[in-house]
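# Descriptive analysis of the structure
Each chain, written out:
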Amino acid sequence: MAKFLAELLGCTLPEKGASPMFEKQFDVGFSEKFKRKSMLYWTTVSDSDVTTHKLLRLIFLYILQQDKMPQTPPFPVMYGSNGYNKNLYKAKEEDYEGLYYHENNLVSGSLEALIEHLVPTVAYFPDRTYIFTFLLSSRLFIHPYELMSKVCHLCVDQQRLADPQADKVQEVRKIAPKILQLLTEWTETFPYDFRDERMMKSLKELTHRLSTGDELYRKAVQQMTQTLIRKLTTLSQYEEALAKINSSVTDRLTVLKTKPQAIQRDILTICSDPFTLAQQLTHIELERLSYIGPEEFIQALVQKDPLDNDKRCFSDHKKASNLEAYVEWFNRLSYLVATEICMPVKKKHRARVIEFFIDVARECFNIGNFNSLMAIITGMNMSPVSRLKKTWGKVKTAKFDILEHQMDPSSNFYNYRTALRGATQRSITAHSSREKIVIPFFSLLIKDIYFLNEGCANRLPNGHVNFEKFWELAKQVMEFMTWKKVECPFDRDRKILQYLLTAPVFSEDALYLASYESEGPENNMEKDRWKSLRCV
């Protein structure tokens, strides 16, 4: 994983002529004219989720009437224009010991004070922005299971749930809805934390205390637990499916090496409509995005650079496997595009494949699928493809030039970021599910989060947690959370999906060999490489 992060965070795309694997460089794979430039809320829930929310809402409405508990703002109004949470809904005093506010924004605090600020009391409930931001960023300082343990102890101690002299039923009725809501936020937004048996143990112990003697609370707990287990089961099934797909690809590579090229299937025999292929690519992108947990962005940073060598930073947790799998999909698509172009023997056929992928890329842009768009552009800018000058001479490149301009890395991808803002605005005001689609260029998103993390200290000189930084970090991750919840509106074509996911692709050496076979070496360096590849 450390090597993966080094490659991933080192740059966004490969140099023209290089493989699309993420290498340490800032010059990316585009035409030479671009190289000369400087570079620098949840929208869907299941039926069971709705049931759980309805139960908790009924309980909450009762508590609001009885105890005047401050209401939580919805996620769309979480953050102000400056990017930081306004935190206008807090019920604790501004000079609360261990917490520091500036202009009504929580900007720093000791870790223990921030944990206490997370735990509800009879008169207080944290707003959702704080819950999300703290649960997201706290793993830089403390393992989730340790945080859960502390939360459980605070709930028991502060609400006297363990005091035999207290009126337990009355105490539970006052605090249980708020604790259940906190746990629901945690299990729904960060379900992967609960793959840890220690997390599940603490969750069961606390919910058992809350649900004792009250059927309504018991039912809410049961719904929450069932929803969590269902999500974890779905994740396991997804991981098994990925492993099966990867195994199938490995098996097919042998076939690709031994089967004559003349009888190989190609993308045009599977799908000749660019819009249909763009739709199926969008299916894959949204499915892979949906399984990436928000914590994976932070856990990847922990693994790369533990906070001040703090021993409390965990290293035994499954950190960013879904994030890594998504990046691997980008690389696979880039190699698939290059393979499809280099594989045909005839120049006319190669040119037709290039024009087809240009049209697919344009449809991806129109849909809002920027990740597939960039993967296709990357594949067409790999050296084995770009060197095919006779083939490119037969291609109408005007549309391709426009796409490259949109994804031009100059001025920190200004054109792309402008298009992304446009797609995001379209998604916010969407009247159809298709208009809601926003699939960002993922490696650039990770770079933005990485540089935000690297550019600001996690702790201030007084030892406080720099929470102002984490408001901004949470803002970026929450935007991603909105995008990944969109369901793909297009019909699935299993045949096309199967091909995109399992069709064998050439390695970098095989791409060069196929390229030289199609259009012979032009200089001594290419001739020497061709000879060495043919001898392997």
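Structure: see above.
Residues numbered from 1 in each chain as written. Predicted model: local features only at pLDDT ≥ 70, side-chain atom pairs only at ≥ 80, totals over all residues. Heavy atoms only, no water.

### Focus on the overall build of the chain
Broken down by element type, the chain carries 24 helices and three strands. Here the chain has roughly 24300 Å² of accessible surface; of this, 51% comes from carbon and sulfur atoms. (Helix = DSSP H or I, 4+ residues; strand = E, 2+ residues; numbered from the N terminus. Areas by Shrake-Rupley, 256 points an atom, 1.4 Å probe, with all protein chains shown as cover.)

### What about the environment of Ile 115?
By secondary structure assignment, the location of Ile 115 is in helix H4 (residues 111-118). As a C-alpha pair, Ile 115 and Phe 134 span 19 residues in sequence and 8.3 Å in three-dimensional space. Here Ile 115 is in contact with Tyr 130, Phe 134, Ile 142, Leu 147, Lys 150 and Leu 154, once residues within four sequence places are set aside. (Contact = heavy atoms within 4.5 Å.)

### Regarding the sheet that holds strand S2 (residues 105-109)
Sheet strands pair via backbone hydrogen bonds, and the direction of the pair is either parallel or antiparallel. If you walk across this open sheet you meet the three strands as S1-S2-S3, and the pairing is antiparallel. Because the sheet does not close on itself, it has two edges, and the strands there are strand S1 (99-102) and strand S3 (465-466). Pairing analysis gives four bridges linking S1 to S2, with the strands arranged antiparallel. Note that in S2 the partner of Leu 99 across the bridge is Gly 109. (Pairing = 2+ DSSP bridges.)

### With respect to the nonpolar core
Among the nonpolar cores identified, the biggest contains 145 residues, and Leu 277, Phe 297, Met 380 and Phe 442 are the most heavily contacted of them. In terms of residues, this core owes the most to one element, helix H13 (residues 321-342), which gives 13 residues. Residue contacts for Phe 297: discarding those within four places in its chain leaves Ile 292, Leu 323, Phe 442, Leu 445, Ile 446, Ile 449, Val 477 and Phe 480. (Core = buried A, V, L, I, M, F, W, Y, C linked by side-chain atoms within 4.5 Å. Buried < 20%, exposed > 50% of the residue type's maximum accessible area, 1.4 Å probe, protein only.)

### Considering the packing of aromatic side chains
Tallied over the full model, the rule gives 24 aromatic pairs. In textbook terms, an aromatic cluster arises when at least three aromatic residues are bridged by ring pairs, as seen for Tyr 130, Phe 134, Phe 141, Phe 467, Phe 470 and Trp 471. Looking at Arg 198, its charged tip hangs above the ring of Tyr 145, at a distance of 3.7 Å from the centre. Above the face of the Trp 530 ring, Arg 534 is positioned so that its terminal group lies 4.7 Å from the ring centre. (Phe/Tyr/Trp six-rings, centres within 6.5 Å; stacked < 30°, edge-to-face > 60°. Lys NZ or Arg CZ within 6 Å of the ring centre and 35° of its normal.)

### Thoughts on the pairing of S2
Among the five residues of S2, five are classified as buried, and the element is accordingly described as predominantly covered. Counted between consecutive antiparallel strands, the loop separating S1 from S2 contains two residues, among which Glu 103 sits at a positive phi close to 50°. Of the strand pairs in this sheet, S2 and S3 are connected by two bridges, and their pairing is antiparallel. Note that in S3 the partner of Ser 108 across the bridge is Asn 466.

### Some points on helix H21 (residues 467-484)
Each α-helix winds once per 3.6 residues, and so residues spaced three or four apart point in a common direction. Over its 18 residues, H21 extends 25 Å from the first C-alpha to the last, a length consistent with the 26 Å expected when each residue adds 1.5 Å. Within H21, 14 of the 18 residues are buried, which leaves the element mostly enclosed by the surrounding structure. (Expected span 1.5 Å × (residues − 1).)

### Looking at the packing of helix H14 (residues 347-367) against helix H18 (residues 398-406)
Axis separation between H14 and H18 bottoms out at 10 Å; the angle between their running directions is 40°. Classified by the interaxial angle, the pair formed by H14 and H18 is oblique. With respect to the hand of their crossing, H14 and H18 are arranged in left-handed fashion. Counted together, Ile 358, Asp 359, Ala 361, Arg 362 and Phe 365 of H14 and Lys 399, Phe 400, Leu 403 and Gln 406 of H18 form the full contact between these two elements. Its residues placed into classes, the contact of H14 with H18 shows five nonpolar, one polar and three charged. (Axes fitted to C-alpha atoms, helices over the stretch in contact; angles between N-to-C directions. Parallel < 35°, antiparallel > 145°, perpendicular 65-115°, else oblique. Left-handed = near helix turned anticlockwise from the far one by under 90°. Nonpolar A, V, L, I, M, F, W, Y, C, P; charged D, E, K, R; others polar.)

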